[in-house]
Amino acid sequence: MIGNDRIHKILYGGDYNPEQWPEEIWQEDMRLFRLAHVDIVTLNVFSWASLQKDDDCWDFAQLDKIIGLAEENGLNICLATSTGAHPAWMARKYPEILRVNEQGIRRKFGSRHNSCPNSPIYRKFSAQLAGKLAARYKSCKNIVAWHVSNEYGGMCYCENCERAFRTWLKKKYGTLQELNRAWNTAFWSHTFYDWDEIVVPDLRSEEFYYGEGMLRTNFQGISLDYRRFMSDSMQECYRLEYDAIKRETPDIPITTNLMGTYSGLDYQRWAKDLDFISWDNYPAYDSQPWEPALRHDLMRGLKQGMPFALMEQTPSVSNWHPYCSLKRPGVMRLMSWQAAAHGADTIMFFQMRQSIGACEKLHGALIGHRGNEHTRVFAEMAALGAELEQIGGRTLGGRTPSKAAIVFDWDNWWATQLSAGPTILLDYLKETEAWYRYFWEKNIPVDLISTEDSLDDYQLIAAPMLYLCKSGFGEKLTRWTSDGGCFVGTYFSGYAQEHDLIVTGGYPGTLKDMLGIWVEETDAPVPDTPVSFTFRGKSYPAEILCDLIHPEGAVSLGSYKDEFYAGMPAVTRNSFGKGCSYYVATHSCPEFYREFLDCVCEEQHITPVADSPALVEVTLRSTGKAEIYFVLNHGNADSACRIPAAVRDLISGRSYAAGEEIPIASRNVKILQKNTK
Amino acid sequence: MIGNDRIHKILYGGDYNPEQWPEEIWQEDMRLFRLAHVDIVTLNVFSWASLQKDDDCWDFAQLDKIIGLAEENGLNICLATSTGAHPAWMARKYPEILRVNEQGIRRKFGSRHNSCPNSPIYRKFSAQLAGKLAARYKSCKNIVAWHVSNEYGGMCYCENCERAFRTWLKKKYGTLQELNRAWNTAFWSHTFYDWDEIVVPDLRSEEFYYGEGMLRTNFQGISLDYRRFMSDSMQECYRLEYDAIKRETPDIPITTNLMGTYSGLDYQRWAKDLDFISWDNYPAYDSQPWEPALRHDLMRGLKQGMPFALMEQTPSVSNWHPYCSLKRPGVMRLMSWQAAAHGADTIMFFQMRQSIGACEKLHGALIGHRGNEHTRVFAEMAALGAELEQIGGRTLGGRTPSKAAIVFDWDNWWATQLSAGPTILLDYLKETEAWYRYFWEKNIPVDLISTEDSLDDYQLIAAPMLYLCKSGFGEKLTRWTSDGGCFVGTYFSGYAQEHDLIVTGGYPGTLKDMLGIWVEETDAPVPDTPVSFTFRGKSYPAEILCDLIHPEGAVSLGSYKDEFYAGMPAVTRNSFGKGCSYYVATHSCPEFYREFLDCVCEEQHITPVADSPALVEVTLRSTGKAEIYFVLNHGNADSACRIPAAVRDLISGRSYAAGEEIPIASRNVKILQKNTK
Amino acid sequence: MIGNDRIHKILYGGDYNPEQWPEEIWQEDMRLFRLAHVDIVTLNVFSWASLQKDDDCWDFAQLDKIIGLAEENGLNICLATSTGAHPAWMARKYPEILRVNEQGIRRKFGSRHNSCPNSPIYRKFSAQLAGKLAARYKSCKNIVAWHVSNEYGGMCYCENCERAFRTWLKKKYGTLQELNRAWNTAFWSHTFYDWDEIVVPDLRSEEFYYGEGMLRTNFQGISLDYRRFMSDSMQECYRLEYDAIKRETPDIPITTNLMGTYSGLDYQRWAKDLDFISWDNYPAYDSQPWEPALRHDLMRGLKQGMPFALMEQTPSVSNWHPYCSLKRPGVMRLMSWQAAAHGADTIMFFQMRQSIGACEKLHGALIGHRGNEHTRVFAEMAALGAELEQIGGRTLGGRTPSKAAIVFDWDNWWATQLSAGPTILLDYLKETEAWYRYFWEKNIPVDLISTEDSLDDYQLIAAPMLYLCKSGFGEKLTRWTSDGGCFVGTYFSGYAQEHDLIVTGGYPGTLKDMLGIWVEETDAPVPDTPVSFTFRGKSYPAEILCDLIHPEGAVSLGSYKDEFYAGMPAVTRNSFGKGCSYYVATHSCPEFYREFLDCVCEEQHITPVADSPALVEVTLRSTGKAEIYFVLNHGNADSACRIPAAVRDLISGRSYAAGEEIPIASRNVKILQKNTK
């Protein structure tokens, strides 16, 4: 991840806000950091108001001291630019920096992530601040990375955004004629004759709430483009800071902390402007262990497998979940190693010392309100810190050797969120999770890839709910399959192209030939009204949508048992060129995905890293120098696994023969290095 | 319905939008229309933006071509005026045409049905467009009807509406003194001294949300008047277009497509300005067969039994229901014939060819995205088209011979929606449905009538939840009962007069003498807290409200069994003049309405068209020349019925003796003509 | 309560609005009042629009007549100032008096309680009206109390409020440096450099909805202060009217009608400006009998036990509950006497005659829409009126002899509502109710006290969820415990001080030493995921939150059975100085509070007024001259109780020996005077 001579191990630390504390407490913090083996701090995440007091009034004195403190104590620094929340004086002086919400109401000063991304004032001041910080601290050797702003996200619908949107559209479409075609404006009398007739698609114009918090649109074209535009707008803000920093410190890598499966920003487009990926992992109180695993793999895939930074996680509790459960003993360590198991080269936290005021004061920290080291949380963190020192750099740079991939695409996510019909149960992320879960449970390495990624190294590619195929992706998949790949598609695929215009001639559009089917109709079963299908002699539920398929070359592997479409295929296989493709015409239960993908993986010679009991996860990273197995027991019971190679436990030092039973206690972790012969 | 020499059968077709397609596809559409026996198309529903490009810039070239295409192919035309969605340029140039929502937020351009009904600009331009269309195409013989705008509805709370509301109020009340009296403004210090003090009753003033999406008001008087005013305002917009068209084509009938039980517009007032009624039938995925039946009967009643047009329905799926289930095989035909069975003389659809972009692209169509005739939906539609040709004009003009009627009144609907207490379970439409369902299940013809309709032809009139009696309707019902009618009333009746001021002296107010009871109090049972009553030896649930009745002449037919009002009457009968009345003091289950109305109908000699098993519907239409029985099996099982007359099956040609068992397969339809002797 | 020579019994009457009726009806009302033994009417609650027709145009003619009518009929008058709803003309002329909602949308004229509390115009006009009324009617001997405005409440976020908020903050904090410290503005870059940078904390700035209608904030400091400021702002409006009246009629007591557990206003601060407390009791359709009891006790505590006025209750139904159930026979009397049993010296109603228009027309009244005395409600009210005459003044001035108290504090209520974490189940009021219910069920007198009240007279003080300890209250409780008191605390206590800044050093902060524990962590169990603990051999559910406690002096009385904290204490006891303290680390079921508080009360010699079966409530009031027992059977079954003293039934005249069984029918009441020997 971060290339720097100083770094020989997994970095360990997190967000540190000494500006909230009197200086007398700082030295105590240093003592506690040493006890906990902390070696990196993220500084300056939210200090804009104290750094800049007016257009031309700057004060870096406190930050100088804080950076000096970190340097004196040998801490690596991840230096943030502080632009995730603008100062109150700026909001008062330049109201244009305040966002306007989807009802057209302009915000007042408050909260964070509150700046309009198309405000020229915000862009000027934020890039200026980033540049000033880079210029001031460029000689500080301890700075190992830049952290631009914080958790970009949200939307704005102000007049600056409206104007910028028109400019973005002109660049994209060139002519109004082409825009009118792409958005199908002949529908509902929407023809535009002047760019200035185009307005932001919000609750005042095209969008509306449908059911509980579900935003819908009357015009998919403009709404889809607005999501792309908003993502691009924030990326431009990021890029302005990036460039300002790069001019001063060309050798220090720059990132911003992403949020895993956040739908608002197309992280695959963003990734091109990030020197390395970092992200914040906050599973919900009821998350299953494959949920963070998927997100780690998605983040790893953003830069084609390059190790990433776990920038934030909580030591124990969050403050914003509905029920802020404690991480049980061992779970913080387990989840930290899970990040490493999926490609992380840092393990960092929000936060080092717990605030005493405002909304995050009940969020967990290394140093809690008690203020000392005598807590369970501190003890667990110090133990993990020690363990990381013991492991050293052995896992750094490790890559995940995947022959299988799942396509994940923000355009598809948006398009399916915005779809008017055929069912409110459509959920792109949940469909992806249903497929991902199989690979996780089987310890089969899998990458989450974009439509732009090379497909060459994969033998099996699944693209759940690939509703929209942009930029020739259908053709690319078809070529790859023809050349010997094995493609798995699902219901609600291939309908549309980039602008969400339907590909005529029958679904699944550009995937039709390769899949060898025609989807004549699609039924939307009502919840609790069971429809079922059979596959290899067993019956499974058919949920969310049921395609009515006519094979056009494909063979049926399983059929519906109910409704007037009983007997029509629910699962098909098509031989295509040197490869083959599968189609699953509905959503089903985990048992189905297990049975189905077992068959496909067997056929395609896709094998697990290791076999293991339920809830014992095994992953593999290859560093070039070493092969490291990560064994993680997410269950409540002690268990065991077998690794198909002779390995050595990097923590206990104990060796195991290939296939020997390796005990793994509940919530425990083993880091095993493959013996080289 | 539509008087025109060209029409000798049920018209068959629907909305057609060739403007969304290149011209090369048009001829293919014509071929497919012929295959499907389509003989009418609705054109130009949403083309304003392409027809008018600026205040004075018009372009009818494309529409000329489209109308020419229809003419060449012998299609009848229902020509729309396109005013259901204004152009973007107009919104930009004249923001006053944009509506303001109930929070006071002005909309931006987008969606449809988006014009302020009190905008002078909108009124000028929309009437102008209608007039230009009529002048341009008046010589086109194929135009059989005008279709003004589209699905009028929604609300506006802008300053133009506020001013127009004051004018409307001045006209209605004459003086502020009278308005203050009618609205009881002595309550809560609301006395108005100047008309300009009156503001729109929205979320900023009198109204508020109570529970899930339930709008309430603090002042019933102003809120009720605002609903009347909004309905009138849109009706004026309609009327302006109507008049502009009529000046050019006095002989072509004019309509607009209504929406069945849409609460926003008083369709009974609107009906006076429609040459014939047309409506759009979109039952929900879980609708029961009596629900569209009720709406057909309501629409038929708007013009006192005159046949109506089914202007829209979907061939298979909608795109806007939560679960867009496919219409099962046969259901499209079944529901089409159900419309005819209740009085429709056309069977039309949205849409002929499926769009490829924007929010209706997943809505069903005759010609789907596959683009050809080889689909289930096309095959079913073509078969129905052929069947309609076979039937010819035999059903046209048929009337429903009803001796029973149910009063349905928009003022009551609004007043009960706006009622502050006594229970959130109040539901005017559901109460009406509970009563209607009996007649449907029994194949008893029933009309849904307004308070202005003549009562003379009816023997039995039910008026569920007749909370508000406007314009002497209580007296009218009383006279009719005294003259020999049989009236059935329910809880929450007779409370108020037109302005929602309570009639003092005890409930049910003006109905008190005729019903022979006094309702001292009304209890609101909490759901799942059972209260019950007995009727003819059986026990039934008492729900929603329980009146505590004192007979003042009436006799008790059944009493409560629970609560402190156990023993008080729950059902009463009162002999009154030459007639009689019944009162049902609570809401109950279908079994009760069956038992109760069986008694009443027996007493009043109200008889079914035919007896039939559950879910087999039988209706009768008399054309003057013929008596046609429609038999519709809504069930999943094959069944049979017996018709009390000798009949001939107009499809198979087979004859049946009176009372002979006539088999009717699941989801099948029989059209039977009574033999004349 | 109200000191006045005219008053020798419990006042009986309520809101009377003759201005809504023609004068011919007034005399009939007088006749009916006499029948019902009504001796007080509240007049002029909503007449501003009729009293003042422009800035300088006043008209008191109708009010003169109405007051004259009351005087002629010997009725006592509670004279309202009418400022609870401003006139329409004023809203039109001075839009600044209209409130702005939490989205920044200014209201239009309508509803009531609609004036911005920081509008100089509203303040001027409302105080002027109060003064004019006082000057005009000061010689009217029948006026026994002033009723300022009506049910103060709601919020405003307008620019006048924003400016006034800054002024309020300047007064409170003196310097921006102190404000920045108190609000911890170093968090999220919130440092203020100018007072004018501070904006109202609404949905546009710091606050947002979290889940169903739950308002959250990003900055607890400003949001907490805004609630204090809003309460103070309305109190200032009240005080301006108070002062204007007092100048004219120094001897007539002044009040405003409070709303029990209304969270919007800090009634404990308000109480200082009220001559006596009055409140409106509207239990929900599903309220349990201890719920109004708690509210009566809270209202009584506002002025340290001084008798209060029950200003409003409904004779039978409300109009605004979801299900407006009738008060069952006897319940109106039962609830009236329950008020007296807890300290009320008046029993008053909304309303005397039922309106015929607007939103309260379906609200119950002495005189219903029937308009005469022949109703159940009238009969019950007349009987109670007669009973009150029979009882006379025997209960007047009675005090409740409590040795136990529960702390109730609005700052805590607000702070816990605004808390970001640890669980959405946090509910200050429900936690208080869980503890209160025990005392109610046991007939143990208990006071609800503020943090400013003297603790000296109590032996046992419980402070459920005392999250925030303002102004040295922790120290005060500690001293009181050390001096021999017995304190009971719960989870989520002692965290913060006045500004919601955490007290460092470990929870429960300032209560830590006295409680002898340290709360290291707190787990938030998910609903339906049972955690349990044992106490005295039985197992109880642990809900909402589970503290993980380390005793630091305290002893464990019960431990968790589940989760990784099984074995850690869930209930502790700490001997402290001459006293002791208990800590309950979680929320549990009624059975637990019963078992636990039985132990504590036994230890502390806290005894019931009398033992009684479930749902039979017994309270005691001591007037100085007499000891009065109130026995109230809330159950559906007849029951009995025993009083530990010889008593005489003030209604039947019958005497009972000490300990003799006294039968008490379902929903019946006995007023028993202790015999003096």
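Data block above holds the structure.
Residues take numbers from 1 onward in each chain, read along the sequence in its written order. Numbering of ligands from 1 and lettering of chains from A proceed in the order in which they are written. Residues qualify for local features only when their pLDDT is at least 70, as the model is predicted, and side-chain atom pairs are given and counted only at 80 or more; totals for whole chains, interfaces and linings, by contrast, use all residues. Water and hydrogen atoms were dropped before computing side-chain values, which therefore reflect all heavy atoms in the structure.

Q: Hey, could you run me through the interface of chain A and chain C in this one?
A: When the parts of a complex come together, some accessible area is lost, and that lost area is often used as the size of the interface. By the convention used here, residues are in contact when the closest approach between their heavy atoms is within 4.5 Å. Each side of the interface is counted separately: chain A has 51 residues, and chain C has 58 residues. In short, buried area is how much 1.4 Å probe accessible area vanishes from two parts on joining, totalled over both. A buried area of about 4600 Å², summed over both sides, lies between chain A and chain C, and 56% of it is on carbon and sulfur atoms. Counting the surface chain A buries against chain C, the share from its top three residues, Lys 108, Tyr 323 and Arg 370 of chain A, is 15%. Basic side-chain nitrogens of Lys or Arg form a salt bridge, by our definition, when they fall within 4 Å of a carboxyl oxygen of Asp or Glu. Seen at the junction of chain A and chain C, the total is 8 salt bridges.

Q: Is there a simple way to explain the relation of the copies chain A and chain B in this structure?
A: Superposition of the two copies of the chain requires a rotation about an axis together with a shift along that axis. We superpose the copies by least squares over the C-alpha atoms of residues that have a pLDDT of at least 70 in both of them. Expressed as a screw transformation, the operator carrying chain A onto chain B has a rotation angle of 120° and an axial translation of 0.0 Å, and the superposed copies differ by an RMSD of 0.0 Å. In the structure described here, the two chain copies are related by an operation that fits a three-fold rotation axis. Ranked by how close their C-alpha atoms come to the rotation axis, the residues of chain A are headed by Ile 105 of chain A, at 5.1 Å. Looking at chain A, a mere 3% of its interface residues are interface residues in chain B too, so the copies touch through different faces.

Q: What's the story with the pairing of strand β8 (residues 214-217) of chain A in this structure? I'm lost.
A: Looking down a regular strand, the side chains alternate between one sheet face and the other. All names here are of chain A. Of the pairings in the sheet, the one linking strand β7 (residues 207-210) to β8 comprises 4 bridges and is antiparallel in character. Bridged to Tyr 210 within β8 is Met 214. What sits between the antiparallel neighbours β7 and β8 is a turn of 3 residues, in which Gly 211 has the positive phi angle 70°. Strands are labelled as partners when DSSP assigns at least two bridges between them. Only DSSP runs of H or I with at least four residues qualify as helices, and only runs of E with at least two residues qualify as strands; both kinds are numbered from the N terminus onward.

Q: Can you walk me through the side chain of Gln 235 of chain B in this structure?
A: Residue and element names in this part refer to chain B. Assignment of secondary structure puts Gln 235 in helix α8 (residues 220-248). Residue Gln 235 is classed as buried on the basis of its relative accessible area, which comes to 10%. In this structure, Gln 235 is in contact with Arg 269, Trp 270 and Asp 273, ignoring residues within four places of it in sequence. Partly exposed residues are those whose accessible area sits between 20% and 50% of the maximum for their type, while under 20% is buried and over 50% is exposed, using a 1.4 Å probe and protein chains only.

Q: What am I meant to see in helix α17 (residues 590-604) of chain A here?
A: Residues spaced three or four apart along an α-helix face the same direction, because each turn holds 3.6 residues. Compared with the 21 Å implied by 1.5 Å per residue over 15 residues, the 20 Å span of α17 of chain A between its first and last C-alpha is a close match. If you check which residues of α17 of chain A are buried, you get Phe 592, Tyr 593, Phe 596, Leu 597, Cys 599, Val 600, Cys 601 and Gln 604 of chain A. Multiplying one less than the number of residues by 1.5 Å gives the expected span of a helix.

Q: Looking at this structure, I do not really get unusual backbone geometry. What am I missing?
A: Negative phi values dominate among residues other than glycine, just as trans dominates among peptide bonds. Here the residue pair Tyr 507 of chain B and Pro 508 of chain B is connected by a cis peptide bond, since its omega of 0° sits within 30 degrees of zero. Turning to its location among the elements, Pro 508 of chain B is positioned in the loop between β17 (486-490) and α16 (512-515). Despite not being glycine, Asp 528 of chain A shows a phi value in the positive range, around 65°. Mapped onto the fold, Asp 528 of chain A is located in the loop between β18 (517-523) and β19 (531-535).

Q: I would appreciate a short explanation of the packing of aromatic side chains in the present structure.
A: For any pair of aromatic rings, geometry is given as the distance between the ring centres together with the angle between the planes. Working definition: a ring pair exists when centres of Phe, Tyr or Trp rings (six-membered ring for Trp) sit within 6.5 Å. Plane angles under 30 degrees give stacked, over 60 give edge-to-face, the rest tilted. Across all of its chains, the model carries 145 aromatic pairs over all chains by this definition. Geometrically, the ring pair formed by Tyr 438 of chain A and Phe 439 of chain A is edge-to-face, given 5.3 Å between the ring centres and 80° between the ring planes. Judged by its relative accessible area of 3%, Tyr 438 of chain A falls in the buried class. Assessed through its relative accessible area of 1%, Phe 439 of chain A is described here as buried. Cluster of aromatic residues (ring-pair linked, three or more members): Trp 435, Phe 533, Phe 535, Tyr 540, Tyr 582, Phe 592, Tyr 593 and Phe 596 of chain A. Our definition puts a charge over a ring when NZ of Lys or CZ of Arg is within 6 Å of the ring centre and also within 35 degrees of the ring normal. The ring centre of Trp 518 of chain C lies 3.9 Å from the NZ or CZ of Arg 370 of chain A, which sits over that ring. One cation-aromatic arrangement involves Lys 124 of chain C over Phe 125 of chain C; the distance from NZ or CZ to the ring centre is 4.7 Å.

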